[in-house]
Amino acid sequence: MTVPISKQISAVNYLSDAIINSSLSASLFNAGADKSATAEPVPNHLMSSQKGEDEYLTFTGKNAEEAEDFIHAVNRRAWATGKLDDDAWTAKFAYVCFTKKALRWYEELDKETRNDWTLLRQAILAKYATPPLSPSVVPSSAPAAAR
């Protein structure tokens, strides 16, 4: 089942917020803060591998448009979490979204590219580029009419 990118982004936003709240609560707890401060639990339908799996942001490597939408969604999530300038965090976040042939391609990348969002983003765009039009499709001027 294919889920529209807007629904995938909503699920990712919710999950990221839950992760951030959980990390914040853990750091407050470890710093000696009030031990009753806890993050809201993530709903079961987002934690289960059987229910709601299609609600996660995924990248399958289908085509250039999916690649562009995926990069846009990851960038928005990084911005919303204050991690836009953290290429390592963003690359790790993107990693868990790869599936199917995109995951196989990702695993073939060198470690430096996999761990740096700027390099990974460039690699995604290069791999899933829109193919140029063939010369037979490119419009050309019509031959001049003989007089």
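These numbers were taken from a predicted model, which means no experiment stands behind them. (Residues numbered from 1 in each chain as written. Predicted model: local features only at pLDDT ≥ 70, side-chain atom pairs only at ≥ 80, totals over all residues. Heavy atoms only, no water.)

Enquirer: Hey, could you run me through the overall build of the protein chain in this one?
Expert: Helix and strand counts for the protein chain come out as seven helices and zero strands. Listing each helix as α and each strand as β along the protein chain from the N terminus yields α-α-α-α-α-α-α. Of all intrachain contacts in the protein chain linking residues separated by at least 6 positions in sequence, the fraction that spans at least 24 positions is 59%. When the accessible area of the protein chain is evaluated, it comes to approximately 10200 Å², of which 54% is carbon and sulfur surface. (Helix = DSSP H or I, 4+ residues; strand = E, 2+ residues; numbered from the N terminus. Contact = heavy atoms within 4.5 Å. Areas by Shrake-Rupley, 256 points an atom, 1.4 Å probe, with all protein chains shown as cover.)

Enquirer: Could you clarify how one ought to interpret the packing of aromatic side chains in this entry?
Expert: Geometry of an aromatic ring pair is reported as the spacing of the ring centres plus the angle between the planes. In total, this model carries nine aromatic pairs according to the counting rule given. Ring centres of Phe59 and Phe70 lie 4.9 Å apart, and the angle between their planes is 15 degrees; on these two criteria the pair is classed as stacked. On the criterion of sequence distance, the pair formed by Phe59 in the loop between α2 (44-47) and α3 (64-80) and Phe70 in helix α3 is long-range, its members being 11 residues apart. Phe70 carries the same exposure label as Phe59, and that label is buried. (Phe/Tyr/Trp six-rings, centres within 6.5 Å; stacked < 30°, edge-to-face > 60°. Buried < 20%, exposed > 50% of the residue type's maximum accessible area, 1.4 Å probe, protein only.)

Enquirer: Can you help me understand the packing of helix α4 (residues 87-95) against helix α7 (residues 117-127) in this one?
Expert: The relative placement of two packed helices is expressed as an angle between their axes plus a distance between the axes. Direction vectors running N to C along α4 and α7 enclose 45 degrees, while the axes themselves pass 8 Å from each other. Considered as vectors, α4 and α7 are oriented oblique to each other. On α7, the residues that touch Asp87, Thr90, Ala91 and Ala94 of α4 are Trp117, Thr118 and Leu120. Looking at the contact of α4 with α7, its residues break down into four nonpolar, two polar and one charged. (Axes fitted to C-alpha atoms, helices over the stretch in contact; angles between N-to-C directions. Parallel < 35°, antiparallel > 145°, perpendicular 65-115°, else oblique. Nonpolar A, V, L, I, M, F, W, Y, C, P; charged D, E, K, R; others polar.)

Enquirer: Honestly, the nonpolar core in this entry has me stumped. Any pointers?
Expert: A general trend in soluble globular proteins is that nonpolar side chains are found buried together. Within the largest apolar cluster, 21 residues are counted, with the highest numbers of intra-cluster contacts made by Phe59, Phe70, Phe98, Trp105, Trp117, Leu120 and Ile124. Contributions of two or more residues to this core are made by α3, α4, α5 (100-108) and α7. With five residues, the top contributor of residues to this core is α3. Contact partners of Phe70, with chain neighbours within four places excluded, come to Leu57, Thr58, Phe59, Ala94, Cys97, Phe98, Trp117 and Ile124. (Core = buried A, V, L, I, M, F, W, Y, C linked by side-chain atoms within 4.5 Å.)

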